[in-house]
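These are the residues of each chain, in order.
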Protein chains: 2
Amino acid sequence: MQVVVLGAGFGGLTFCQHFRHPDARLTVVDRTNHHLFQPLLYQVAACGLSATEIAQPVRSILSKRRDITVLFNRVVGIDLQHKQVRLAQGELSYDYLVLALGGQTSYFGHPEWEQFAPGLKTLADALRIRSQILLAFEQAENATDPQERDRLMTIVVVGGGPTGVELAGAFAELARTVLNRDFRRIDPSKARIILIEGSPLVLSHLPAELSASAQRQLTALGVQIHNNIHVQAIRAHEVELADGRVIRAGTIIWAAGVAASPLAGELGVELDRGGRIKVAPDLSLPGHPEVFAIGDMVSLLQPNGQPVPGVSPAAMQMGRHVAVIIKAELNSPRGPTARPPFQYWDKGTMATIGRSAAVAWIGRFRFSGLLAWLTWLFVHLIFLVGFRNRLAVLFQWAYSYFAYKRSARIITYLPGAAADAGSLSARTDDA
Amino acid sequence: MQVVVLGAGFGGLTFCQHFRHPDARLTVVDRTNHHLFQPLLYQVAACGLSATEIAQPVRSILSKRRDITVLFNRVVGIDLQHKQVRLAQGELSYDYLVLALGGQTSYFGHPEWEQFAPGLKTLADALRIRSQILLAFEQAENATDPQERDRLMTIVVVGGGPTGVELAGAFAELARTVLNRDFRRIDPSKARIILIEGSPLVLSHLPAELSASAQRQLTALGVQIHNNIHVQAIRAHEVELADGRVIRAGTIIWAAGVAASPLAGELGVELDRGGRIKVAPDLSLPGHPEVFAIGDMVSLLQPNGQPVPGVSPAAMQMGRHVAVIIKAELNSPRGPTARPPFQYWDKGTMATIGRSAAVAWIGRFRFSGLLAWLTWLFVHLIFLVGFRNRLAVLFQWAYSYFAYKRSARIITYLPGAAADAGSLSARTDDA
């Protein structure tokens, strides 16, 4: 009995943790060699954590499970009819298939914006953003033209959802409390951090009082928020807004859209507008009870009419649900029984803004500021995969908090954007 | 009074630490944004440490020195006559100039080997080697052809000096004690680590008894050493030896040669065979008393006829020597006085081989094994720049030592070598 799991994110790994059967062999395929603790990815981009602190090798996490084979490989196609997965190198037959490939940054039909405004989904994205921001300040220190300096010291974040808010807050703190002492010709605390959001308030998925609080906390950190406006175009070093205004910037980050992995579109099943698979209530593909989809690839309505949100707790709950179903069927000698529908348990929503600044919405409780921030900190540390990382991250945070320093301020590379760097190179080995 | 320091390695930073004068302003230029603790670079390549643990931003180290401006910039030329340094962006005039640009990997007239066999001088080099080795094991797990598997699981290190010995030992340990439990289709403990050295023994700069001990310790770790043989050619995935033998490999590392920064060659002064500047006894350039060179750029004989070795203690001692000279001249109202010659104080030589394995030669004492390793550990921790890094590195080492795990096993990118990776991509964002 072959069970193939595509993707080693929160959904795929949770499935593995809950699924074990004497008759089954598992194969986990991921396009990277590591599981990523995505909720803290923005900290890597903002120089607070190093890449290895929020990532662990998939095969190291699953090392003790002798029934699991991990392949660092790329999925190029899925043949639902013949129950086969085609990989860049080789192929796999399956009896059960779990699709947990997650999402990717979406530019709403403008893929050409990607080169000017990176998104934040992978470690490489985070390292690219980090290098780009640090490089912009370094170039400003070298620049002589005041206008060019102002441009280099402007950071634009497009999208006021959780990622955009976290990034804008973290960049503001980086400039005002960390970099501010280290330059001689420029004053990093004068850097402009601009957040562009189409709704009247940031974090529009939260109750209005929390959105308003987040907006106030961000403003207090020095972030300039443009509400009620969309981006018209993004070009090299500039963002054009719908009202014609043009903002020149050293760094532009795209935090406005996420879509499901493009593989979802090749299955021949119904998708929602974000390219997510409209699964059956048990999370299987309609017409393919042996294939399940979980996590950010999935479009599913809750009984209250709201969609299950694309957050890691949902992905983990789905992984567990599918594990229970498959285990029950393997243990049922008379063939498949009725499958229970997936039920999402909302544990609450949080967003962090900066040092002692956050908002949280947990059940009946809505709170913001230091208490929300401490809650956020506690919850994220608890869930960080792996003991070592937990301690290391705690150590980094305590250090940043008390010393107003950031440890991961190393420019190592800037893939694909070398031309932007002008005469300076961001690669340590180029000069 | 303008003092310009080119390079923020051990030499340049030590100069800054010892030079401070009310009449002087310093400008430090480096082509990277970080100071690198180079003695531990091999640990980054071998997945033991993460990049940020051995690197710190130069401007953060020098943050409190308001008399110092740090520029992340590239030196493109030096005009000794007009006392000017040309940078990629702008230029600097100097009254005193300190050249501390260090060295780079040399391929002895075969620059085309670089693409197939990276050297280890920069953080980017180390991350490239790390990604390449991890990727080779991942590809071996995906491969079906046994010969291809054997090739992928072969690592060749060219050069049995300190760097080559450290790398070969660390790779052997990585394969045999860390990776060995994590794969299902291949057995990483069967990986071949091959070290190629032209001399009869590795570490030929040490007394024969220590070289022999290092050779024994390496062999005990499972490293295959080819002595008395040179490399004839390096091509994609293969090394040809002088006797015609060809070794096919998944990863080839070049640890056989170092030369001074090529800027040394453009000064019009006498160089040695490694391109190093033949400085006057006070470390100044002959004919240019206002220009000094220190560290790995320098060729200087000791009174015993031996050259001052290209090691960090020598660079630091030179930095301090030049600081003392310039300070004395600024404090002497009647112009330059007689300058003392530089004297190298040899604190000893050590090389680490692996877990509890090392050799050390300190004054009259020669020892190897656990004691040498503990000494090596102690000395390197003491000298690691910055309190935070020291604690973090200690933590990593304790973790690796007791848990037989390595924390930094994340493949993030493989600059310039994507074609080698075949159908698999080493960039996290490519697939």
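Above this text is the structure in question.
Because the structure is a prediction, the values reported are computed rather than measured.

Caption draft 1: Structural view of the environment of A:Val324. Residues and elements named next belong to chain A. Looking at the element boundaries, Val 324 is found in helix α8 (residues 312–330). Classification of Val 324 as partly exposed rests on a relative accessible area of 47%. Taking C-alpha positions, Val 324 is 9.6 Å from Pro 340, a pair spaced 16 residues apart along the chain.

Caption draft 2: Highlighting unusual backbone geometry. Residue and element names in this part refer to chain A. The phi dihedral of Lys 83 is positive, around 55°, even though this residue is not glycine. Mapped onto the fold, Lys 83 is located in the loop between β6 (75–79) and β7 (84–87). On the accessibility criterion, Lys 83 (32% relative accessible area) is partly exposed.

Caption draft 3: Representation of the sheet that holds strand β23 (residues 349–354) of chain A in the model. Residues and elements named next belong to chain A. Taken together, the 3 strands give an open sheet; going across it, the order is β23-β24-β25, and neighbouring strands pair in antiparallel fashion. For this open sheet the edge positions go to β23 and β25 (365–368), each flanked by a neighbour on one side alone. Across the sheet, the mean angle separating the axes of adjacent strands is 5° when strand polarity is ignored. By the bridge criterion, 5 bridges tie β23 to strand β24 (residues 357–362) in an arrangement that is antiparallel. Bridge assignment links Thr 349 to a residue of β24, and that residue is Trp 361.

Caption draft 4: Structural detail: a nonpolar patch on the surface. All names here are of chain A. A contiguous nonpolar patch, built from Phe 378, Ile 382 and Phe 383 and spanning about 320 Å² of accessible area, is present on the exposed surface. With respect to the helices and strands, Phe 383 occurs in helix α9 (residues 370–383). Note on Phe 383: relative accessible area 40%, which makes it partly exposed.

Caption draft 5: Spatial organisation of the nonpolar core. Within the largest apolar cluster, 74 residues are counted, with the highest numbers of intra-cluster contacts made by A:Ile54, A:Phe137, A:Phe171 and A:Leu218. With residues up to four places along the chain from it excluded, the contact list for A:Phe171 reads A:Ala45, A:Ala46, A:Ile129, A:Ile133, A:Ile155, A:Val157, A:Ile193 and A:Ile253. Core analysis: the next-biggest nonpolar cluster, separate from the first, contains 73 residues, B:Ala55, B:Ala140, B:Ile353 and B:Val359 among them.

Caption draft 6: Representation of the packing of helix α1 (residues 10–18) of chain B against helix α8 (residues 312–330) of chain B within the structure. Residues and elements named next belong to chain B. Taken N-terminus to C-terminus, the directions of α1 and α8 make an angle of 35°; their axes are 7 Å apart at the nearest point. Note that α1 runs across α8; the crossing there is right-handed. Along its contact with α1, which presents Phe 10, Gly 11, Thr 14, Phe 15 and His 18, the element α8 presents Ser 312, Ala 315, Met 316, Gly 319, Arg 320, Val 322, Ala 323, Ile 326 and Lys 327. Considered class by class, the residues forming the contact of α1 with α8 number 7 nonpolar, 5 polar and 2 charged.

Caption draft 7: Layout of the pairing of strand β21 (residues 288–293) of chain A. Residue and element names in this part refer to chain A. Relative to β21, strand β9 (residues 96–99) runs parallel, the two being bridged by 3 bridges. Its bridge partner being in β21, Val 98 is matched across the sheet by Phe 292. Here 2 bridges tie strand β20 (residues 284–285) to β21, and the two strands are oriented antiparallel to one another. Paired with Ser 284 across the bridge in β21 is Phe 292.

Caption draft 8: Spotlight on the sheet that holds strand β8 (residues 91–93) of chain A. All names here are of chain A. Across the sheet, which stays open at both edges, the 3 strands sit in the order β6-β7-β8 with antiparallel pairing between neighbours. The sheet is open, and its two edges are formed by β6 and β8, each paired on a single side. Put simply, the sheet's adjacent strands are angled 15° from each other on average, direction ignored. Relative to β8, β7 runs antiparallel, the two being bridged by 3 bridges. Paired with Arg 86 across the bridge in β8 is Glu 91.

What counts and how
Residues numbered from 1 in each chain as written. Chains lettered and ligands numbered in written order. Predicted model: local features only at pLDDT ≥ 70, side-chain atom pairs only at ≥ 80, totals over all residues. Heavy atoms only, no water. Helix = DSSP H or I, 4+ residues; strand = E, 2+ residues; numbered from the N terminus. Buried < 20%, exposed > 50% of the residue type's maximum accessible area, 1.4 Å probe, protein only. Pairing = 2+ DSSP bridges. Axes fitted to C-alpha atoms, helices over the stretch in contact; angles between N-to-C directions. Patch = residues over 30% accessible without salt bridge, like charges linked within 9 Å, V, L, I, M, F, W, Y side chains within 5 Å. Areas by Shrake-Rupley, 256 points an atom, 1.4 Å probe, with all protein chains shown as cover. Salt bridge = Lys/Arg side-chain N within 4 Å of Asp/Glu carboxyl O. Core = buried A, V, L, I, M, F, W, Y, C linked by side-chain atoms within 4.5 Å. Contact = heavy atoms within 4.5 Å. Left-handed = near helix turned anticlockwise from the far one by under 90°. Nonpolar A, V, L, I, M, F, W, Y, C, P; charged D, E, K, R; others polar.

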